[in-house]
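Report on the structure
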Amino acid sequence: MGGRLLIRRSKRIAVHLSVIFVSLVVAVGVTLGVVQYFENREQQALLAEKAFAAANKAITVKVSDIFRPAELAVELVSRNPVMTATTLQDRLGYRRRLARYLDLNPTLASVFIGYPDGDFMLVRRMATDADRERFKASPDTQYVIQAIERDEGGFEEGVFIFYDARYREISRRVVEGYTSYDPRKRPWFQQAYRSGKQVKTAPYIFFTTKDVGTTLARLASLLPVPGTDIALIDDRNRLIAHADPSRLAMIDKQDPSRLILADIDSPENKVLKQVLNSEQGKTDDIFAFKVEDEAYRGLVVPVTVEGSGDYRLLMAVSDKDLYADVNRAAFRAAGYIAVILLISIAITVMVAGYIAKPLAALARDVQSIRRFDFSASEPDETHIIEIDELSVAIDSMKETIRKFLDISTAIAAEEDFDKLLERLLDEIIATTKTEAGILYLTSDDDKYLIPHAIRRDGRRPLDAMVPEVSLVGPDNLMIRAVVDEFALGAVATPEEIKNLGIAGAIKEMEEAPRNLLGAPLFNRAHELVGVILLMETDEVMDLALVKFTEALSGSAAISVEARQLIAAQKQLFESFLQLIAGAIDAKSPYTG
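Here goes a summary of the coordinates provided. (Residues numbered from 1 in each chain as written. Predicted model: local features only at pLDDT ≥ 70, side-chain atom pairs only at ≥ 80, totals over all residues. Heavy atoms only, no water.)

1. Remarks on the sheet that holds strand β1 (residues 110–114)
Quick note on the threshold: Two strands pair if DSSP finds at least two bridges between them. Going along the chain from the N terminus, every DSSP run of H or I of four or more residues is numbered as a helix, and every run of E of two or more is numbered as a strand. Axis lines are fitted through C-alpha atoms, for helices just across the contact stretch, and the angle between N-to-C directions can take any value from 0 to 180 degrees.
If you walk across this open sheet you meet the five strands as β1-β2-β3-β4-β5, and the pairing is antiparallel. Both outer strands of the open sheet, β1 and β5 (169–174), are each paired with one neighbouring strand and no more. The average undirected angle you get between the axes of adjacent strands in this sheet is 15°. Examined bridge by bridge, strand β3 (residues 143–150) and strand β4 (residues 156–163) share eight bridges and lie antiparallel to one another. Each residue of the ladder has a partner; that of Ile148, found in β4, is Gly158.

2. Remarks on the packing of aromatic side chains
Defined as follows: For Phe, Tyr and Trp, where Trp contributes only its six-membered ring, two rings pair if their centres lie within 6.5 Å, and the inter-plane angle classes them as stacked under 30 degrees, edge-to-face over 60, or tilted in between. Buried residues are those whose accessible area, probed at 1.4 Å on protein chains only, stays under 20% of the maximum for their type, while exposed residues exceed 50% and partly exposed ones sit between those limits. Look at NZ for Lys and CZ for Arg. If either is within 6 Å of the ring centre and within 35 degrees of the ring normal, a charge sits over the ring.
Throughout the structure, instances matching the rule amount to seven aromatic pairs. Taking 5.9 Å as the distance between ring centres and 45° as the angle between the ring planes, the aromatic pair formed by Phe112 and Phe120 counts as tilted. Accessibility expressed as a relative area gives 2% for Phe120, which makes it buried. Among the aromatic side chains, those forming a connected cluster through ring pairs are Phe112, Phe120, Phe135, Phe160, Tyr178 and Tyr181. Directly above the ring of Tyr115 sits Arg91, whose terminal nitrogen or CZ lies 3.7 Å from the centroid.

3. Some words on helix α6 (residues 187–195)
Counted only if it meets this: Each C-beta atom gives one direction from the helix axis, and the arc is the one those directions make.
What α6 keeps buried is the set Trp188, Phe189 and Ala192. All buried residues of α6 lie within an arc of 100° about the axis, which places them on one face of the element.

4. So, a negative patch on the surface
Selection criterion: Patch membership requires over 30% relative accessible area and the absence of a salt bridge. Like charges are linked within 9 Å, and nonpolar side chains (Val, Leu, Ile, Met, Phe, Trp, Tyr) within 5 Å. Only the protein chains shown count as cover for residues, with accessible areas throughout obtained via the Shrake-Rupley method and a probe of 1.4 Å. We count a salt bridge whenever a side-chain nitrogen from Lys or Arg sits within 4 Å of a carboxyl oxygen from Asp or Glu. For the purpose of charge, His is not counted, nor are the chain termini; Lys and Arg are scored as positive and Asp and Glu as negative. Taken as the charge centre is NZ of Lys, CZ of Arg, CG of Asp or CD of Glu, depending on the residue.
Taken together, the side chains of Asp444, Asp445, Asp446, Glu468 and Glu527 present a region of like negative charge at the surface. Looking at the element boundaries, Asp444 is found in the loop between β17 (436–442) and β18 (448–456). The exposed category is assigned to Asp444, whose relative accessible area is 86%.

5. A few points about the pairing of β3
Extensive coverage of β3 is indicated by the burial of seven of its eight residues. Inspection of the sheet shows strand β2 (residues 120–125) paired to β3 by six bridges, in the antiparallel sense. Paired with Leu122 across the two strands is Gln146, which belongs to β3. Turn length for the β3-β4 hairpin, with the two strands adjacent in sequence and antiparallel, is five residues, and the turn residue Gly154 shows positive phi of about 100°.

6. Section: the pairing of strand β16 (residues 311–318)
Counting buried positions along β16 yields seven of eight residues, so the element is predominantly enclosed. Pairing between strand β15 (residues 294–303) and β16: eight bridges, direction antiparallel. Across the sheet, residue Val301 finds its bridge partner in β16, namely Leu313.

7. Looking at helix α12 (residues 477–484)
In plain terms, the rule: Here a polar contact is recorded for every N or O atom pair within 3.5 Å, except that within protein the pair must consist of a potential hydrogen donor and a potential acceptor, and residues adjacent in sequence are included only if both atoms are side-chain atoms.
If you check which residues of α12 are buried, you get Leu477, Met478, Ile479, Ala481 and Val482. In this structure Asn476 caps α12, since a side-chain oxygen of it lies 3.1 Å from the backbone nitrogen of Met478. Backbone geometry just downstream of α12 places Glu485 in the positive-phi region, at approximately 65°.

8. Thoughts on empty space enclosed by the protein
The test is simple: Site definitions follow a grid-based scheme: protein atoms alone, a 1 Å grid, a 1.4 Å probe that fits but cannot get out for cavities, and for pockets an open set with protein on both sides within 12 Å along at least five of seven lines, plus lining residues having an atom within 4 Å of a point. Grid points are joined across faces, edges and corners, and a volume is the space filled by probe spheres set on the points.
Tallied over the full model, the rule gives one cavity of 30 Å³ or more. Roughly 40 Å³ of internal volume is contained in the largest cavity. Lining the largest cavity are Arg95, Ala99, Val123, Tyr143, Ile145, Tyr163 and Tyr167. Those elements that provide at least two residues to the lining of the largest cavity are α4 (95–104) and β3.

Below, the structure written as structure tokens:
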């Protein structure tokens with residue numbers, strides 16, 4: 001049978017939906033995974049830095065454990081506010097303290113600090129004339145500061161600044177090429193940064209002096225978590241160290257001209273006071289508390305110093321500052337998810353519209369059938385096989401119904417019985433899209449099937465002599481169909497063709513049939529009226545064709561029966577008229 005060809009590049013609707021939703025899920029999963037990966041990595045780094053900084057702030061420093069002067073100097077410098085100074089001008093303000101470490105420790109060649117942004121400051125003592133000659137310094141030079149300053153705009157400058165014994169600047173000199181030195185690339189910086197502890201490098205040649213020596217290095221201990229309040233107090237609850245030096249001193253109420261150490265009871269130290277007074281602070285564990293409805297985390301660490309009173313290290317940080325980075329990451333992730341969902345919704349709506357459009361057209365076709373409108377409609381293009389198949393099925397159904405109606409109309413309009421049979425067979429051949437057919441009617445004694453119409457497709461006659469077929473003769477397709485009382489199909493074998501006696505008709509066809517289809521015609525009294533034999537050139541017989549022909553055969557049988565009854569009534573009426581006429585002609589001459 002013919003019909004509209006399916007689009008071969010189409011895929012099953014399950015494939016389309018699977019690809020769409022799997023793609024969306026994969027896209028969401030990959031995006032969230034990538035975002036979460038980078039967020040976790042960033043948060044892990046931040047948490048590691050915070051934990052590292054917090055651990056360094058909370059260490060119990062036992063001064064008695066520091067034996068060598070160099071190690072003590074490194075520890076003290078790592079806790080000096082110069083470590084957090086951001087400009088060279090601010091760092092130079094600590095030159096006196098750094099120079100004192102050199103004066104008190106003759107074994108130290110220099111004290112230097114490397115900053116995470118690549119800045120560098122080194123304080124060196126000019127102990128001999130050879131040292132001054134090496135740096136081309138004036139005879140009264142006692143110290144030289146070698147510094148590198150960089151900023152985000154790309155500016156970088158290396159400078160040597162010379163000072164006398166009273167730490168007054170004598171001169172300064174910009175040194176070309178000195179900025180090639182980057183402390184972050186030096187072994188002492190990298191080892192100290194990774195370990196978080198004091199490290200000692202293997203002997204190496206110093207960058208400037210070319211002397212051989214060893215560097216002792218320590219990561220700064222004053223790199224606070226943003227928002228952290230940290231202080232060291234004595235046994236009298238006075239602040240002796242704080243991340244903010246301005247909070248260490250206060251005006252003496254008894255003598256306003258004198259400064260004294262600030263105590264924990266100062267208003268600006270209310271958070272630290274809460275840490276100190278908390279019962280949980282005695283457990284040496286981080287604990288949660290609130291100040292004015294704001295959540296904090298606190299820690300109290302005892303610090304024992306030999307030969308002195310007990311000290312305590314207090315630390316407090318608000319949850320808002322502690323989780324600021326995490327909250328920002330959560331908001332960013334929520335933004336990514338919202339964007340992905342919006343895109344997914346847009347894609348889903350677009351795909352749903354793409355799928356729904358041909359379905360809506362099919363719904364309109366079904367509505368037209370309900371209105372008895374069986375005209376052909378222009379199909380919407382679709383790549384979904386199920387929708388395309390449904391469209392083909394609806395079109396075929398409309399065409400079938402239309403053919404039934406056409407057959408009924410044609411039969412009703414035809415008055416000649418012989419032409420009716422030919423018209424009926426033409427319509428059946430056209431409807432079933434077969435190549436040829438023969439319509440047999442039963443003989444008066446119901447023993448034979450007599451051919452009354454032989455037609456081919458295109459409403460053309462098939463000029464061939466076909467013999468009558470005995471209903472008790474050799475087994476053939478028509479006899480089996482009559483016995484089974486429904487349409488049957490069979491392969492057009494030479495034996496089948498011989499038993500049916502249709503070899504002559506086949507010779508007149510353009511192409512020999514490969515399959516045969518027989519449909520018995522029974523009237524309303526279930527009496528055999530005839531048989532329709534159809535010839536099909538397709539290699540495989542379509543089962544739908546068999547069922548369809550069986551349905552047509554019922555209508556055809558009723559049509560044939562109706563025409564036979566009409567013909568019989570007409571013949572009866574004519575016979576009655578003839579009988580009356582004969583009676584009149586044979587009347588008595590005496591009555592005439």
